[in-house]
Structures are given as structure tokens and as C-alpha cells.
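# Fold and contact review
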Amino acid sequence: MIVFKIQSTGVVALFVLFLFGTLAQADDGLTGYESPHSRIAFEIFQFPKNAIPRIDGNVDDWSMVPERYSYGTSLLNDTEDGHGTDIDRKDIDVKVTLGWVKGLNRIYIRYEAYDDFWDFGRFNPRGYLNDIFEIVVDGDMSGGPFIFNPLLVAEDDRDRSSPAFLENHFRFSGVHAQNYHFYTPMVNDAWVLVWGSQYWISEFPYSNYDYSYDFEHGESGKLVMECWITPFDYAPYNRPEDAVVSQLVENERIGFSWSILDFDGGKRDGHYNLAHDVRMVKDASYLQPFKLMPIESSLQPELKAEWTFEVLDMERGLVAFHDESIGEVTSWRWDFGDGSESTEQHPIHVLEKGVRKVITLEVSDDSGASKRTRYWEVMIK
Ligand SMILES: [Ca+2]
Ligand SMILES: [Ca+2]
Ligand SMILES: [Ca+2]
């Protein structure tokens, strides 16, 4: 079966990576991480299909997102440069909102930040010495290290040209979870440093971005970044065609976290992170669960008929019909186009051979009705 062949490389790789992660946790005692946000349900807003944000740096198209989906400075902890959770909003003040669209395997991100000193005007060959918004995504919650594989290379191995380090980078870094260092704003037209071998994840059609800001290097001000990224269960070096995209499913969770590297005048003045533990940048066991939320009921029609189907047995014409209507439905009426009807919610029906069937579900609530017809879609041969 073709589908299995395409996916099998990724599945095997994932299993191996999962094993590595488990071993690493046992060695390092990392399973002891307790989220500081255990009582907070992080949520990812679902945009309706007719209101997908346009990536243009103008975030007016996020105005429908309720405020509870935005996560601000108060949740962060500077665990490296001494600020702790006592963060001066006149030094750095940020707000992060995540979104998704059912059917698209993308995470939309709105990043709004105030900084008293935007540091981006000096070219830094090391790459990570500018103001940075850093995110990590683990679409299938595989957890575990994803930058340094303890079976391949020691984390403090400074010999970056050693065969072990190179093998680790090409085969492991960013493969089962991904780290993006977004430059805020861009440096020499580079918007991101991918900490991994799969540079292509920062290119369209795997991601897209835009900014708006009105300040020069060294000035204070507010920056807005709007982007989306694609999470991958398996993201190999230089082979996007072999990658396995994480399938985003409503009500399921993904691993996600962020940190802000605030450079003020060439000196780092904070590593503010959501995990309250900077190991989040390289170990997915420090990410937070984020739930892919359903559409807010206020953005849904009150009643709308919808259904899907599955041919269970083509030989016999046996078809399962699945109601997916929106609203407080009180009755269902299926018209199978062959003179027969059903009032079940999810009927199973036998159809004659033919490819031009017209089938309708009509649903009703206390105040009205809605119909959904599928023309020539259910076929029996
Ligand atoms: Ca926009
Ligand atoms: Ca600052
Ligand atoms: Ca700064």
C-alpha cells in the first residue's frame, strides 16, 4: 500500500527517536519537570475557514480572537539573567497568540512585543545575538531531546566539526520537534534561524511571515509579527518530500513553548521563557500542552447541516453516513435519492450501483431547518 510506504520511513524514525528520548530521560532524570502552569489550559484559537489571517503584518484579522487565547509577560520567567518573574514591562513586554484552521496543518502565530531597545542593526555572524522570539513545536508530543541526541553526541561537545557532531546535526537536530529563532525584526532579510538541519521549514509553503514596526536599531517601540509554521513529526535534512507533517486534530494537544531573548545594546538582558526552564529550547519534554480548540460557538452558524460518508463494502453498496451538523439538532432526515429515507443520526444504507446519486440530509432544531446535499459524490460500482 503506497500510503504506508511513504509514511513508514517516518514511523520507524519516530520510533527510534522516541526510544532515544526515553533513554535520555532515564539518564538525566528529566522526567521530574513539572510545568509551572499546570492549572492553565493553554489554547490554540480555531479560525473559521472564511476568516483565515492574511500574513501581511496587519493583525486586524485577529480581532475576533477572544483575549483568553493571548498569553503575556506575566507567564514568563527569566531563568538565566536574573529577572526571574519580576519582569519590568518597560524593558520587555510581550503577548503571544496561537491559531489554527481545521484542515490545514499550520500553527498561526501573532507576536506583539514592546522593547526599550530593539537590537538588530549590527550584523552578528554567530546569529543569535539580536532580539529573538524563539519557539519550539512538537506536533505529535514525542517529547524528549531534539537538538542533541545523547547516543550520538555529548551536549557540551564543542568540537562542532567532529563526525559525531555532524552526524547528530544532520540526522537528529530538529527532526522530531522544531526550534525557530525568529529575528525581531529581520536581520539582513533573514527572518529566522532554524536550530536544526532542515532549513527549508522556514521557506514557503512550509511557513510564511510578515512584520510591522516603526523603529530603528537602538530605539524603543512596538513590533508585531504575524506568521505560520508547519509542524513536522519527521523533518529530514534537505528532503521536504520525505517529511511527515504533523496532523492537527481538533481537541487534541500539541507541545509548544516560547522564549524571548532580549538584547539591549549588544548585551543579553533576559531569557524570558514560558517553561520557566531554558531546557525547553532543546528538549520537548519541557514544552507545554496546547489544545487545538473547536471554533468558538459565537463564530458558528446556529444551525448548519453537514455530513460525511464512507463506503464500507463497495461490492454490496454498503455505505455509512455520518452526521456532522452544527447546532442543537432535534431531528434528522436523510433522503438517499432512491426513494428511501432514514431519521437516524448516523444511518448505514445499501445503495444500488451508480455514480450519479444525489443524497440530502435535512436537520432541524426548534426554530428552523438546514439541508446539505452531495451531488454525484457517493458512488457505487
Ligand atoms: Ca494579517
Ligand atoms: Ca529590553
Ligand atoms: Ca532588546
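Residues numbered from 1 in each chain as written. Chains lettered and ligands numbered in written order. Predicted model: local features only at pLDDT ≥ 70, side-chain atom pairs only at ≥ 80, totals over all residues.

On to the overall build of the chain, then. On a plain count of helices and strands, the chain comes out with 2 helices and 22 strands. For the chain, the spread of C-alpha atoms along the three principal axes comes to 75 × 45 × 40 Å. Across the 381 residues that make up the chain, the buried fraction comes to 37%. In the chain, once contacts between residues fewer than 6 apart in sequence are set aside, the share between residues at least 24 apart is 65%. (Helix = DSSP H or I, 4+ residues; strand = E, 2+ residues; numbered from the N terminus. Buried ≥ 20, exposed ≤ 12 C-beta atoms within 10 Å, placed from the backbone. Contact = placed C-beta atoms within 7 Å.)

Among the nonpolar cores identified, the biggest contains 70 residues, and L98, I107, F133, V136, V137 and F182 are the most heavily contacted of them. Sequence-distant contacts of F182, that is, excluding residues within four places in its chain, are made with I132, F133, W191, V192 and M225. (Core = buried A, V, L, I, M, F, W, Y, C linked by C-beta atoms within 7 Å.)

With that out of the way, let us pick up the sheet that holds strand 22 (residues 369-375). Here we have 4 strands laid out as an open sheet, ordered 19-18-21-22, and antiparallel in their pairing. Of all strands in the sheet, those with a lone pairing partner are strand 19 (341-342) and strand 22, marking the two edges. Taken together, the 2 bridges between strand 18 (residues 331-335) and strand 19 define a ladder with antiparallel strand orientation. In the sheet register, D335 faces strand 19, and the bridge partner there is E341. (Pairing = 2+ DSSP bridges.)

On to the confidence of the model for the chain, then. Scored by pLDDT, the chain has a mean of 91; 92% of the residues are at 70 or more. Contacts of residues 1-27 to residues separated by more than four positions or lying in other chains number 30 contacts, the stretch itself having pLDDT below 50. (pLDDT = per-residue confidence, 0-100.)

In this chain, T184 is followed by P185 through a cis amide linkage whose omega measures -5°. Within the secondary structure, P185 sits in strand 7 (residues 178-187). Here the bond from F204 into P205 is cis, since omega is 10°, no more than 30 degrees from zero. By the element assignment, P205 lies in the loop between strand 8 (190-194) and strand 9 (207-213). Unusually for a residue other than glycine, N188 sits at a positive phi of about 50°. Mapped onto the elements, N188 comes out in the loop between strand 7 and strand 8. Look at N238: it is not a glycine, yet its phi comes out positive at around 60°. Note that N238 resides in the loop between strand 11 (232-234) and strand 12 (244-245).

Reading across from one edge, 16-17-20 is the order of the 3 strands in this open sheet, with antiparallel pairing throughout. Unpaired on one side and paired on the other, strand 16 (307-313) and strand 20 (348-350) mark the two borders of the sheet. On average, each strand axis in the sheet is inclined to that of its neighbour by 30°, with strand direction left out of account. Examined bridge by bridge, strand 17 (residues 318-323) and strand 20 share 3 bridges and lie antiparallel to one another. For L318, the partnering residue across the bridge sits in strand 20 and is V350. (Axes fitted to C-alpha atoms, helices over the stretch in contact; angles between N-to-C directions.)

Moving on to the domain arrangement of the chain. Domain boundaries assigned for the chain yield domain 1 (2-295) and domain 2 (301-375). A separation of 42 Å is found between the C-alpha centroids of domain 1 and domain 2. (Domains from an automatic or database assignment.)

With that settled, consider the pairing of strand 15 (residues 288-292). The two faces of strand 15 differ: Q288, F290 and L292 on one face are buried, but P289 and K291 on the other face are not. Pairing between strand 1 (residues 42-46) and strand 15: 3 bridges, direction parallel. The partner of F42 across the bridge, within strand 15, is F290. Strand direction decides the pairing type here: strand 13 (residues 253-263) and strand 15, joined by 4 bridges, are antiparallel. Within the sheet, the bridge partner assigned to F256 lies in strand 15 and is Q288.

If you trace the backbone, W307 turns up in strand 16. For W307, a count of 20 C-beta atoms within 10 Å gives the class buried. In this structure, the C-alpha to C-alpha distance between W307 and Q345, residues 38 residues apart in sequence, is 10.0 Å. Setting aside residues up to four positions removed in sequence, W307 forms contacts with F321, H322, D323, E324, L361 and R372.

Along the chain, L303 falls in the loop between strand 15 and strand 16. For the pair L303 and A369, spaced 66 residues apart in the sequence, the C-alpha separation amounts to 7.3 Å.

This part is about the environment of T373. The residue T373 is located in strand 22 in this model. Between the C-alpha atom of T373 and that of V65, which follows or precedes it by 308 residues, the distance is 32 Å. Apart from the residues within four sequence positions on either side, T373 is in contact with V358, I359 and T360.

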